Amino acid sequence: MGYSRNTYEKNLNLSSKSEKKRAGSLAWIGHEQLDYSWCKPPKLFIHRTDVDFNGFREYVFKKYVDAYAKMILRYVRTYINYIDNPSMLETFNCSKKNNVLKSLIAYSKYHGFYEEFRKRIKAYGVKWSRSSSIDAFFRIMSNSNNDVLKWYNKVIKILDNNTLSLYLKFALMSGIRKSEAINSFNVMVDLGNKGRINDYYNEEIETLEHFKYPKLFFRNTKNVFISMIPKDLIMEIVKCKPITYHVIGKRLQEEE
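Given the structure is predicted, the values throughout are model-derived calculations rather than measurements.

> What is the right way to read the nonpolar core from this model?
Nonpolar side chains in soluble globular proteins tend to be buried together. Within the largest apolar cluster, 32 residues are counted, with the highest numbers of intra-cluster contacts made by Tyr167, Phe170, Phe185, Met188, Leu208, Ile234 and Ile237. Where this core is concerned, the elements lending two or more residues are helix 7 (146-158), helix 8 (162-174), helix 9 (178-193), helix 11 (231-237) and helix 12 (245-255). Here this core takes 7 residues from helix 9, the largest share from any one element. Ignoring sequence-local partners within four residues, the contact set of Leu208 consists of Phe170, Ser184, Met188, Tyr200, Tyr201, Phe225, Ile226, Ser227, Ile229 and Ile234. Judged by nonpolar contacts, the second largest core, of 25 residues, contains Leu101, Leu104, Ala106 and Tyr107.

In structure tokens, the structure reads:
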């Protein structure tokens, strides 16, 4: 079948227009502004002025021990704006980074946006810092306790309270945290008054068995299971009265 000149030119014009249309569509793709906002974590817009510090303070002191609660409150006050940009946490050393992150997580749980904050942490690639066991070992070995021992010897000489002196001696020998040392001390006093110190203290191996009281000595991490303490110190402690952190702190401040 043949084509006339007019038919050929007509078909050529249609083809040319079609090509231009397709070319225009392809050219637009290179200039098109794509919307990536869907993959960005939404801002939480937490500002220092929005924080209910009084309510949060009450919350953390009910939930955590005093020393830990104070740390959380201090870091939240200082770094509350990092909630919207947690990548700034990477500028801290490992220990501080973890503590600030724990504090902000506590705040997010208090205000009910923990899941949103957890997703934000993941979106920014923020991860917990963990030191290797070898690093931890060398850090302990290189740590000097000379200042602590000097302070201990100085305080023991000026304290006239036998109970506090025994507590400090016990804390030094056991090496456990001050809050755990207070709990352990008071458990010994209580059981001593009831004639049941052997429920806690194993005389055969001269060991306090903290694992029998998991609510007092077990945490999510760094649990304390036993402490090897000589019997003569235990027998002195059971004759004492219970102690509190407030009383210890007040008495030591009086001597400073």
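> Before we go on, may I ask you to explain a nonpolar patch on the surface in this structure?
A cluster of nonpolar side chains, Phe211, Phe225, Ile226 and Met228, forms an exposed patch at the surface whose accessible area comes to about 420 Å². With respect to the helices, strands and loops of the structure, Phe211 is situated in the loop between strand 2 (207-209) and helix 10 (214-217). Phe211 gets classed as partly exposed once you look at its relative accessible area, which sits at 38%.

> Honestly, a positive patch on the surface in this entry has me stumped. Any pointers?
Side chains of Arg57, Lys70, Arg77 and Lys178 sit close together on the surface and give a patch of like positive charge. You can see Arg57 is positioned in helix 2 (residues 53-63). When its relative accessible area of 42% is taken as the criterion, Arg57 is described as partly exposed.

> What is the right way to look at the pattern of salt bridges in this model?
Oppositely charged side chains can form a pair if their charged atoms are brought close together. The tally for this structure, following the rule as stated, stands at 8 salt bridges. Linking Asp199 and Arg196 is a salt bridge whose minimum nitrogen-to-oxygen distance equals 2.7 Å. When its relative accessible area of 40% is taken as the criterion, Arg196 is described as partly exposed.

> How should I be thinking about the environment of Val76 in this particular structure?
By the secondary structure assignment, Val76 is in helix 3 (residues 66-79). Taking the relative accessible area as the measure of exposure, Val76 reaches 0% and is therefore buried. A sequence separation of 20 residues divides Val76 from Phe56, and the C-alpha atoms of the two residues are 9.7 Å apart. Dropping the residues within four chain positions of it, Val76 is found in contact with Phe53, Phe56, Ser103, Leu104 and Tyr107.

> Mind showing me how you'd approach helix 5 (residues 114-123) here?
Every α-helical turn comprises 3.6 residues, leaving residues that sit three or four positions apart pointing alike. For helix 5, the set of buried residues is Phe117, Arg120 and Ile121. With its buried residues spanning 100° around the axis, helix 5 presents them on a single face. Residues of helix 5 that are exposed and point over 90 degrees away from its buried face: Lys119, Lys122 and Ala123. For helix 5, the secondary structure elements touched by its buried residues are helix 4 (94-111). Immediately downstream of helix 5, the backbone of Gly125 shows phi near 70°, a positive value.

> Explain the packing of aromatic side chains to me, please; I cannot follow it from the model alone.
Two descriptors summarise a pair of aromatic rings, namely the distance from one centre to the other and the angle between the planes of the rings. For the structure shown, the criterion picks out 15 aromatic pairs. Ring plane angle 45° and centroid distance 6.4 Å describe the contact between Tyr107 and Tyr110, whose orientation is recorded as tilted. Placement of both Tyr107 and Tyr110 in helix 4 is noted, with a separation of 3 residues, approximately one turn of the helix. Note on Tyr107: relative accessible area 1%, which makes it buried. Here the aromatic rings of Tyr107 and Phe113 are separated by 6.2 Å at their centres, their planes lie at 70°, and the arrangement is edge-to-face. Looking at Phe113, the relative accessible area reads 10%, which means it is buried. Each residue in the set Phe56, Tyr59, Tyr107, Tyr110 and Phe113 is aromatic and connected to the rest through ring pairs, giving one cluster. Sitting over the ring of Tyr75, Arg74 keeps its end group 5.1 Å from the ring centre.

> Please clarify how the sheet that holds strand 1 (residues 201-202) should be interpreted in this entry.
Strand pairing within a sheet occurs via backbone hydrogen bonds; the two strands may be parallel or antiparallel. The antiparallel open sheet is built from 3 strands, whose spatial order is 1-2-3. For this open sheet the edge positions go to strand 1 and strand 3 (226-228), each flanked by a neighbour on one side alone. Summarising the sheet, strand 1 and strand 2 pair through 2 bridges and their orientation is antiparallel. Each bridged residue has a counterpart across the sheet, and for Asn202 the counterpart in strand 2 is Thr207.

> Looking at this model, I keep getting lost on the packing of helix 2 against helix 4. Mind explaining?
Each packed pair of helices is defined by two parameters, the angle between the axes and the distance between the axes. At a closest axis distance of 11 Å, the pairing of helix 2 and helix 4 adopts a crossing angle of 105°. The orientation of helix 2 with respect to helix 4, classified from their angle, is roughly perpendicular. On the side of helix 2, the interface is formed by Gly55, Phe56 and Tyr59, while helix 4 contributes Ser103, Ala106, Tyr107, Lys109 and Tyr110. Residues belonging to the contact of helix 2 with helix 4 are distributed by class as follows: 5 nonpolar, 2 polar and 1 charged.

Thresholds, definitions, all that
Residues numbered from 1 in each chain as written. Predicted model: local features only at pLDDT ≥ 70, side-chain atom pairs only at ≥ 80, totals over all residues. Heavy atoms only, no water. Core = buried A, V, L, I, M, F, W, Y, C linked by side-chain atoms within 4.5 Å. Buried < 20%, exposed > 50% of the residue type's maximum accessible area, 1.4 Å probe, protein only. Helix = DSSP H or I, 4+ residues; strand = E, 2+ residues; numbered from the N terminus. Contact = heavy atoms within 4.5 Å. Patch = residues over 30% accessible without salt bridge, like charges linked within 9 Å, V, L, I, M, F, W, Y side chains within 5 Å. Areas by Shrake-Rupley, 256 points an atom, 1.4 Å probe, with all protein chains shown as cover. Salt bridge = Lys/Arg side-chain N within 4 Å of Asp/Glu carboxyl O. Lys, Arg positive; Asp, Glu negative; His and termini not counted. Charge placed at Lys NZ, Arg CZ, Asp CG, Glu CD. Arc of directions from axis to C-beta. Phe/Tyr/Trp six-rings, centres within 6.5 Å; stacked < 30°, edge-to-face > 60°. Lys NZ or Arg CZ within 6 Å of the ring centre and 35° of its normal. Pairing = 2+ DSSP bridges. Axes fitted to C-alpha atoms, helices over the stretch in contact; angles between N-to-C directions. Parallel < 35°, antiparallel > 145°, perpendicular 65-115°, else oblique. Nonpolar A, V, L, I, M, F, W, Y, C, P; charged D, E, K, R; others polar.

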